[in-house]
Amino acid sequence: MVLKYPLFLIIGIPVLLVGMGALLWFGRKKKYSDGKRVANTGFFRKTPQYSGRRKLRTVLSIVMLLTVIASMVMTLFLAARPYRMERTSNGVKKRDIFLCLDVSYSICYLNYELVDSLEEVVAGLSGDRFGITIFNTSSVLYVPMTDDYQFILKRLEELKEYFRLQEVYQENDFEFEFDDEYYKKAETLDYYDAGTLVNNYQKGSSLIGEGLASCVYDFPRLAEDRTRVVIMATDNAQMALQKPLIELDGAADLCVKNHITMFGIFPDQSTYAKGTDTGYEKNLRDFEAAVEKTGGVFYQQSKSLTVEDIVKDIQKEEAKRVDELIITKEVDQPEGFLIALVILLFVSISTGVVLRL
């Protein structure tokens with residue numbers, strides 16, 4: 001046991017002793033000085049009843065005095081705040097995970113598989129918070145950071161339908177079929193595209209750095225010490241018509257500054273070629289460098305490494321990064337002194353009542 005404020009005892013006990021000494025001194029029995037004397041009291045003083053009552057009163061007076069002093073000492077101990085140091089484990093440190101998706105039509109195949117694989121992961125989360133941001137020219141906070149896993153799963157299902165329709169559009173399966181089904185599909189695509197293609201005629205598309213930077217600032221309370229992860233899927237095929245506000249390398253620096261780890265997923269070359277003719281190898285290497293700068297892991301989708309395998313691998317990697325959270329804290333220990341104080345006060349009050357009878 002340790003006292004947090006020992007000064008209460010160091011100063012309090014001497015003051016208490018001096019005060020009690022002064023009270024005893026000024027309250028001592030004085031010689032007869034006034035009033036009327038009673039004659040022939042010697043007989044009564046010798047009777048057993050009087051002698052017993054006097055001894056009882058003396059004992060009770062001493063008990064009352066000692067309990068009052070002890071109560072004051074207990075009060076000083078409580079004021080000094082007794083405590084002990086305790087190391088406790090809060091289990092694992094929970095994560096904030098953001099899924100950051102480049103929703104360019106060129107990687108709809110990768111996005112569909114990724115979202116489909118992540119549904120099982122989200123269903124198995126416990127305590128972690130999850131969010132989703134999507135981007136092309138502009139970014140949309142599709143799911144704010146939350147631990148409402150049912151809501152997240154519902155939104156992932158909606159994204160799967162969006163990416164499925166992107167695939168259909170890529171294959172030109174409904175481009176010229178102007179029927180009710182066509183308009184329904186087109187309306188769904190327009191719903192998502194409206195948020196992610198703001199000013200695309202002036203700014204271009206697939207602004208990777210801006211998409212990642214927006215995701216960084218979608219994390220709530222960046223100043224708090226939490227494990228933060230971004231799972232980002234993109235082909236890194238930026239088609240900017242003017243200088244972006246921030247490039248991918250600068251956005252990776254923001255991740256480093258805010259202790260955010262990236263896991264990057266790059267599409268297979270066979271599907272990549274369906275959507276764009278830009279340099280596959282250069283875009284791959286640039287994205288890989290940005291991911292590794294944050295201390296994360298880069299994955300390249302291939303026939304031998306499916307999206308499902310990648311997601312399972314990310315789970316394993318992240319499990320290694322999350323340490324058990326050990327907290328050392330002060331635990332107050334007033335119980336013993338408080339119980340003693342209550343007992344002493346009860347005894348003191350009881351003796352006082354008996355003495356007045």
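Residues numbered from 1 in each chain as written. Predicted model: local features only at pLDDT ≥ 70, side-chain atom pairs only at ≥ 80, totals over all residues. Heavy atoms only, no water.

Caption draft 1: The arrangement of the pattern of salt bridges in detail. Applying the stated rule across the entire model yields 17 salt bridges. In this structure, D249 and K293 form a salt bridge, with 2.6 Å as the shortest nitrogen-oxygen distance. Taken together, the residues span a long stretch of sequence, with D249 in helix α9 (residues 248-257) and K293 in helix α11 (residues 280-293) at a distance of 44 residues. Each of D116, E119, E157 and K160 takes part in a single network of salt bridges with overlapping partners. (Salt bridge = Lys/Arg side-chain N within 4 Å of Asp/Glu carboxyl O. Helix = DSSP H or I, 4+ residues; strand = E, 2+ residues; numbered from the N terminus.)

Caption draft 2: Representation of the nonpolar core in the model. If you look at the biggest cluster of nonpolar residues, it comprises 38 residues, and the most contacted ones within it are L99, L101, L114, I132 and L159. With 8 residues, helix α5 (residues 149-170) is the largest single contributor of residues to this core. Those residues in contact with I132 that sit more than four places away from it in its chain are F98, L99, V140, L141, Y142, V143, I152, L156 and L159. Counting residues in hydrophobic clusters, the runner-up holds 26 residues, among them M145, I208, C255 and M262. (Core = buried A, V, L, I, M, F, W, Y, C linked by side-chain atoms within 4.5 Å. Buried < 20%, exposed > 50% of the residue type's maximum accessible area, 1.4 Å probe, protein only. Contact = heavy atoms within 4.5 Å.)

Caption draft 3: Seen up close, the side chain of T234. Along the polypeptide, T234 turns up in the loop between β7 (227-233) and β8 (239-240). Accessibility expressed as a relative area gives 0% for T234, which makes it buried. A polar contact is formed between the side chain of T234 and the side chain of D102, at a distance of 2.9 Å. The contacts of T234, once residues within four sequence positions are left out, are D102, I107, I208, I265, F266, P267 and F287. (Polar contact = N/O pair within 3.5 Å; in protein donor to acceptor, adjacent residues only side chain to side chain.)

Caption draft 4: Representation of the packing of α9 against α11. Contact geometry for α9 and α11: axes closest at 8 Å, N-to-C directions at 15°. On the basis of the axis angle, α9 is roughly parallel to α11. As for how α9 packs across α11, the hand of that crossing is right-handed. Between α9, through L248, D249, A252, D253 and V256, and α11, the contact on the second element is made entirely by D286, F287, A290 and K293. Looking at the contact of α9 with α11 residue by residue, the classes come out as 5 nonpolar, no polar and 4 charged. (Axes fitted to C-alpha atoms, helices over the stretch in contact; angles between N-to-C directions. Parallel < 35°, antiparallel > 145°, perpendicular 65-115°, else oblique. Left-handed = near helix turned anticlockwise from the far one by under 90°. Nonpolar A, V, L, I, M, F, W, Y, C, P; charged D, E, K, R; others polar.)

Caption draft 5: Expanded view of a nonpolar patch on the surface. On the surface, L7, I10, I11 and V15 cluster together into a nonpolar patch covering about 410 Å² of accessible area. By the element assignment, I11 lies in helix α1 (residues 7-26). With a relative accessible area of 48%, I11 lands in the partly exposed category. (Patch = residues over 30% accessible without salt bridge, like charges linked within 9 Å, V, L, I, M, F, W, Y side chains within 5 Å. Areas by Shrake-Rupley, 256 points an atom, 1.4 Å probe, with all protein chains shown as cover.)

Caption draft 6: Up close: the sheet that holds strand β9 (residues 260-266). One open sheet holds the 6 strands; their spatial order is β5-β4-β3-β7-β9-β10, and the pairing between them is mixed. The outermost strands of the open sheet, each flanked by one partner alone, are β5 (139-146) and β10 (297-300). Each neighbouring strand pair of the sheet contributes to a mean axis angle of 15°, computed without reference to strand direction. Of the strand pairs in this sheet, β9 and β10 are connected by 4 bridges, and their pairing is parallel. Bridge pairing in β10 links G264 to F298. Relative to strand β3 (residues 95-102), helix α8 (residues 208-216) is tilted by about 155°, and along the sheet it contacts β3, β4 (129-135), β5, β7 and β9. (Pairing = 2+ DSSP bridges.)

Caption draft 7: The packing of aromatic side chains, seen in detail. Scanning the entire structure with this criterion turns up 11 aromatic pairs. Look at Y142 and Y192: their rings are 6.0 Å apart centre to centre, the planes differ by 45°, and that puts the pair in the tilted class. Taken as a pair, Y142 in strand β5 and Y192 in helix α6 (residues 180-196) lie far apart in primary sequence, 50 residues in all. Residue classification places Y142 among the buried positions, given a relative accessible area of 6%. Taking 4.3 Å as the distance between ring centres and 15° as the angle between the ring planes, the aromatic pair formed by Y162 and Y192 counts as stacked. Linking Y162 in helix α5 with Y192 in helix α6, this pair joins segments that are 30 residues apart in sequence. Given the relative accessible area of 0%, Y162 is considered buried. A network of ring pairs unites the aromatic residues Y142, Y162, F163, Y191 and Y192 as a single cluster. The lysine or arginine in question, R155, covers the ring of Y142, its NZ or CZ lying 4.0 Å from the ring centre. (Phe/Tyr/Trp six-rings, centres within 6.5 Å; stacked < 30°, edge-to-face > 60°. Lys NZ or Arg CZ within 6 Å of the ring centre and 35° of its normal.)

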